[in-house]
Amino acid sequence: MHLLHYLLPLAPLWAPSVLAEYLGPSYPAPRDLTSDSSRVAASLKKLETNLKAGLSPRNASQDSELSQLRDLTFSVGMFSIHDPAAQHLQIHHTSAEVANASLGTNKVDGDSIYRVASVSKLFTVFAGLLELDSTDWDRPLIDIFPEMADFVHEKSDNFEPVYDTQWDKITLNAIASQMGGIPRGGNEELKISYITARALNKTDAAETDPTFLGLPPLNESDPSFGQACWGSNRPFCDEVPYAEAEADKSPVFLPWSSPQYANNGYIFLGMAIANLTGKSLDQVYRESIFEPLGMSSSLSNAPTENDPNRARSVIAGPVEAFAIDAGVTKASGGLFSTTNDLAKLGVAILNSTLLPADQTRKWMKPVTHTADLRYAVGKPWEIYRYVHPALGIVTDIYTKMGDAGFYGGIVAVFPDFDAGFSVLEASSLPTRSASASYLIDLVIDAVLPALMDQAALEAQRNYVGTYRSSIAGLNSSLTLALSPPTRPSPGLVVSSWISNGTDITPYLTAILGGKNARLVPTITAARQVAFRSYTPTKERAVGSPQRLVSRLYDVNDLYLVDGTTYNGQSLSLFVFDIEEDGRATAVAPAAFRAKLDRQ
């Protein structure tokens, strides 16, 4: 009773302070995504049924929101580190354009080869993490590209930060995280269109004369007229090395000041990886990722006419738009892959198959905020903060999206659920990008609530119940219930607790750090899972007074977790022993020095 006497005076201090969940899962990750009873499989099946109904030729005359996907060829696929069969949860649709194409596949499946556009950036960063030394990421670009070093040296006496990019301050980490502030990159679309129109002897001033838009005339003798040659712009450029051509372009931001999407960053990253490893990028992708993961259908060059892979390729519009010679832009958007191969990539990332686990956790974190509360940026992650409607709980979605020309897609990873999905899509219509975004939203809205529901169901089976000491004469027991994902307070609930013959249930507020405390998982190991307590609260409505500092402790458990210990162990720590299938067999409330067996 001495411990309880000590704790009670502190309860008023704790109660208003520990009022938010930690960053991370509310329940252990679900292990069953595919059985007949899985909420995830049911939700994907419902989505597939709705899509098929909405896209059916029989409903072609009906004007439904789903009809916008009719002209989009797409493949959707799940993956999970706990349920290998999840990679077979797939949805495919072949538009009339691809079904009637004279080249490539006429019916898409999990082995159909798509251009993945900027999803390539994920492969490039992953390859860099595997191939480069950790110190390489903090090297300035002038250490790697002599052309940039020459530019910085020449400008040193007359440097203008608004016009001259600070290549000596920009590192591989900066460009991989979209924080370099460098020119976005790409070809000179206006200049190319004018040159093309003139070559075709067109006479319309709007097409052939830049002065029509108030721009100065083109001066072909000006050194800046030349540009780097890469990929499909080769007919319209001089043979200028890429780094030299880009060195004198004006920056968008100062380094490390604001996120800004720049294809150039990944072009330079790919060139740097090749430079530092002494390998071609094709060799880097093949040896570091494709071969170790068995991604035999993933390619760094378009399959040629006589390549058997051409028959499995998704070709929307002219073949030239598919078989682009990406050149140095390969690292930014030139790769090809399939739904089945992207599942292997997703599992490998989540399972730390190639990277050490601590490096994976470090990698899958934000580098910076954006100006929107629900979006952040990583390396190269585009991070969406999904808020579960019934809960207010946040799930971070780590994604890399591709969107270029007639092709696009996304790889989305949910660290809280050890699962994710991919979408690959193609269409030559200008509606492709908007349709693809709508499809991805449909998948997220189907998958994330189902994963939360399934995790709660498995937590009910695996953890809920009474745990009792097996030591003769020791009257200690703990009963756990489930706070379901239909309430804004998910997790496990301590419904009764007897320790050494004393009923301490009335004192849970003091022991667990707040009223209505919940237990959520914080560390998962091979046969053990650690849980910690938190006390839920609701965020204030948008438009209400901010009170940012006053509310700091109310909504941030991270400042108070592990704050009270007894004889060196935290009162908030509960360690479960689990079997291979995830079922708990015992729990140890660490500070109470007792192991209680599940009854």
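Please read all numbers here as calculations on a predicted model, not as lab measurements.

Colleague: For the environment of Ile 289, give the residues involved together with the corresponding values.
Modeller: For Ile 289, the position within the fold is in helix α12 (residues 281-290). Judged by relative accessible area, Ile 289 falls into the buried class, the value being 0%. As for Ile 289 and Phe 123, which are separated by 166 residues in sequence, their C-alpha atoms are 7.9 Å apart. Dropping the residues within four chain positions of it, Ile 289 is found in contact with Phe 123, Phe 126, Ala 127, Leu 130, Val 284, Met 295 and Leu 345.

Colleague: Please give an account of helix α3 (residues 39-55) that cites residues and values.
Modeller: In this model, α3 (17 residues) spans 24 Å end to end at C-alpha, consistent with the 24 Å of a helix rising 1.5 Å per residue. Residues of α3 that are buried include every one of Val 40, Ala 41, Ser 43, Leu 44, Leu 47, Glu 48, Leu 51, Gly 54 and Leu 55, and no others. Projected onto a plane normal to the axis of α3, the buried residues spread over an arc of 165 degrees and lie on a single side. Every exposed residue of α3 that faces more than 90 degrees away from the buried side is listed here: Lys 46 and Lys 52. Considering only its buried residues, α3 is in contact with β1 (73-80), β2 (90-93) and α17 (432-463). At the N-terminal end of α3, a side-chain oxygen is found 3.2 Å from the backbone nitrogen of Val 40, two or three residues along, and the residue is Ser 38.

Colleague: Can you explain the sheet that holds strand β9 (residues 407-414)? Please cite residues and give values.
Modeller: Spatial ordering of the open sheet is given by β2-β1-β10-β9-β8-β7-β6-β5, a layout of eight strands whose pairing is antiparallel. Only two strands of the sheet have a single neighbouring strand rather than two, namely β2 and β5 (368-369). Strand direction decides the pairing type here: β5 and strand β6 (residues 375-377), joined by two bridges, are antiparallel. When the sheet's bridge partners are listed, His 369 is paired in β6 with Ala 376.

Colleague: Let's hear about the confidence of the model for the chain: which residues, and what values?
Modeller: For the chain, per-residue confidence averages 87 on the pLDDT scale, and residues scoring 70 or more make up 85% of the total. Between residues 1-20, whose pLDDT stays under 50, and residues either more than four places distant or in other chains, the model counts 45 contacts. Within the model, the stretch residues 228-239 combines pLDDT values under 50 with 33 contacts to residues more than four positions away or in other chains.

Colleague: Could you give me a rundown of the packing of helix α5 (residues 120-131) against helix α11 (residues 263-277), with the residues and numbers involved?
Modeller: For any two helices packed against each other, one specifies the crossing angle of their axes together with the interaxial distance. Where α5 contacts α11, the two axes come as close as 10 Å, and the packing angle between them is 30 degrees. Of the possible angle classes, the one that applies to α5 and α11 is roughly parallel. Where α5 crosses over α11, the two elements pack in a sense that is left-handed. The segment α5 lies against α11, with Lys 121, Thr 124, Val 125, Gly 128 and Glu 131 engaging Asn 263, Tyr 266, Leu 269, Gly 270, Ile 273 and Thr 277. Residues that form the contact of α5 with α11 fall into these classes: four nonpolar, five polar and two charged.

Colleague: Tell me about the pattern of salt bridges, residues and numbers included.
Modeller: On inspection of all chains with the given rule, the structure shows 19 salt bridges. Taking the shortest distance from any N to any O, the salt bridge between Glu 580 and Arg 527 comes out at 3.9 Å. Here Glu 580, found in the loop between β19 (574-578) and β20 (584-589), pairs with Arg 527, found in the loop between β15 (518-524) and β16 (528-534); they are 53 residues apart in sequence, far enough to count as distant. What makes Glu 580 exposed here is its relative accessible area of 64%. Connected through salt bridges with shared partners, the residues Lys 45, Glu 48 and Lys 52 form a single ionic network.

Colleague: Kindly report on α17, identifying the contributing residues and their values.
Modeller: The terminal C-alpha atoms of α17, which comprises 32 residues, lie 46 Å apart, in line with the 46 Å expected from a rise of 1.5 Å per residue. One or two positions beyond α17, positive phi appears at Gly 465, with a value near 145 degrees.

Colleague: Can you lay out the packing of α3 against α17 for me, pointing to particular residues and giving the numbers?
Modeller: With their axes 7 Å apart at the nearest point, α3 and α17 run at an angle of 155 degrees to one another. Compared by their axis directions, α3 and α17 come out roughly antiparallel. Viewed along their axes, α3 and α17 form a crossing whose handedness is right-handed. Touching Arg 39, Val 40, Ser 43, Leu 44, Leu 47 and Leu 51 of α3 are Leu 439, Leu 442, Val 443, Ala 446, Val 447, Ala 450, Leu 451, Asp 453, Gln 454 and Leu 457, all from α17.

Calculation rules
Residues numbered from 1 in each chain as written. Predicted model: local features only at pLDDT ≥ 70, side-chain atom pairs only at ≥ 80, totals over all residues. Heavy atoms only, no water. Helix = DSSP H or I, 4+ residues; strand = E, 2+ residues; numbered from the N terminus. Buried < 20%, exposed > 50% of the residue type's maximum accessible area, 1.4 Å probe, protein only. Contact = heavy atoms within 4.5 Å. Expected span 1.5 Å × (residues − 1). Arc of directions from axis to C-beta. Polar contact = N/O pair within 3.5 Å; in protein donor to acceptor, adjacent residues only side chain to side chain. Pairing = 2+ DSSP bridges. pLDDT = per-residue confidence, 0-100. Axes fitted to C-alpha atoms, helices over the stretch in contact; angles between N-to-C directions. Parallel < 35°, antiparallel > 145°, perpendicular 65-115°, else oblique. Left-handed = near helix turned anticlockwise from the far one by under 90°. Nonpolar A, V, L, I, M, F, W, Y, C, P; charged D, E, K, R; others polar. Salt bridge = Lys/Arg side-chain N within 4 Å of Asp/Glu carboxyl O.

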